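# An overview of the molecular structure
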Amino acid sequence: MSTECALAQRPGYSPWHQECRQTKDIPLPHSHGILLVRRCTCPHHHYAPPSDAPSTEPHCW
């Protein structure tokens, strides 16, 4: 969970889910399959494949 989404769980801070920028996995430079930052998997984010082609790549709306 991102910092923004962790804060959004507190009363009065729910709009902070919209401030989350962790919509993609960020790989560690010069590595193979190791992530520096994992995308936020908070249930408040809706990920869907791009409309022009089927894909498993996460996309935040």
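Residues numbered from 1 in each chain as written. Predicted model: local features only at pLDDT ≥ 70, side-chain atom pairs only at ≥ 80, totals over all residues. Heavy atoms only, no water.

Below, the discussion takes up the overall build of the protein. What the protein contains, in helices and strands, is one helix and two strands. Each helix and strand of the protein, placed in order from N terminus to C terminus, yields the pattern α-β-β. Buried positions account for 18% of the 61 residues belonging to the protein. Summing over all exposed atoms, the protein offers an accessible surface of approximately 5,000 Å²; the carbon and sulfur share of this is 56%. (Helix = DSSP H or I, 4+ residues; strand = E, 2+ residues; numbered from the N terminus. Buried < 20%, exposed > 50% of the residue type's maximum accessible area, 1.4 Å probe, protein only. Areas by Shrake-Rupley, 256 points an atom, 1.4 Å probe, with all protein chains shown as cover.)

Take the environment of S2 next. Assignment of secondary structure puts S2 in the segment before α1 (3–8). Separated by 39 residues in the primary sequence, S2 and T41 have C-alpha atoms spaced 8.4 Å apart. Non-local contacts of S2, meaning those with residues more than four positions away in its chain, are made with C20, Q22 and C40. A distance of 3.1 Å separates a polar atom in the side chain of S2 from the backbone nitrogen of C5. (Contact = heavy atoms within 4.5 Å. Polar contact = N/O pair within 3.5 Å; in protein donor to acceptor, adjacent residues only side chain to side chain.)

Throughout the structure, instances matching the rule amount to one salt bridge. Note that E19 and R21 form a salt bridge whose closest N and O atoms lie 4.0 Å from each other. (Salt bridge = Lys/Arg side-chain N within 4 Å of Asp/Glu carboxyl O.)

All right, on to a nonpolar patch on the surface then. On the surface, a cluster of nonpolar side chains totalling about 350 Å² of accessible area is made up of I26, L28, I34 and L36. Mapping I34 onto the fold places it in the loop between β1 (26–27) and β2 (35–37). (Patch = residues over 30% accessible without salt bridge, like charges linked within 9 Å, V, L, I, M, F, W, Y side chains within 5 Å.)

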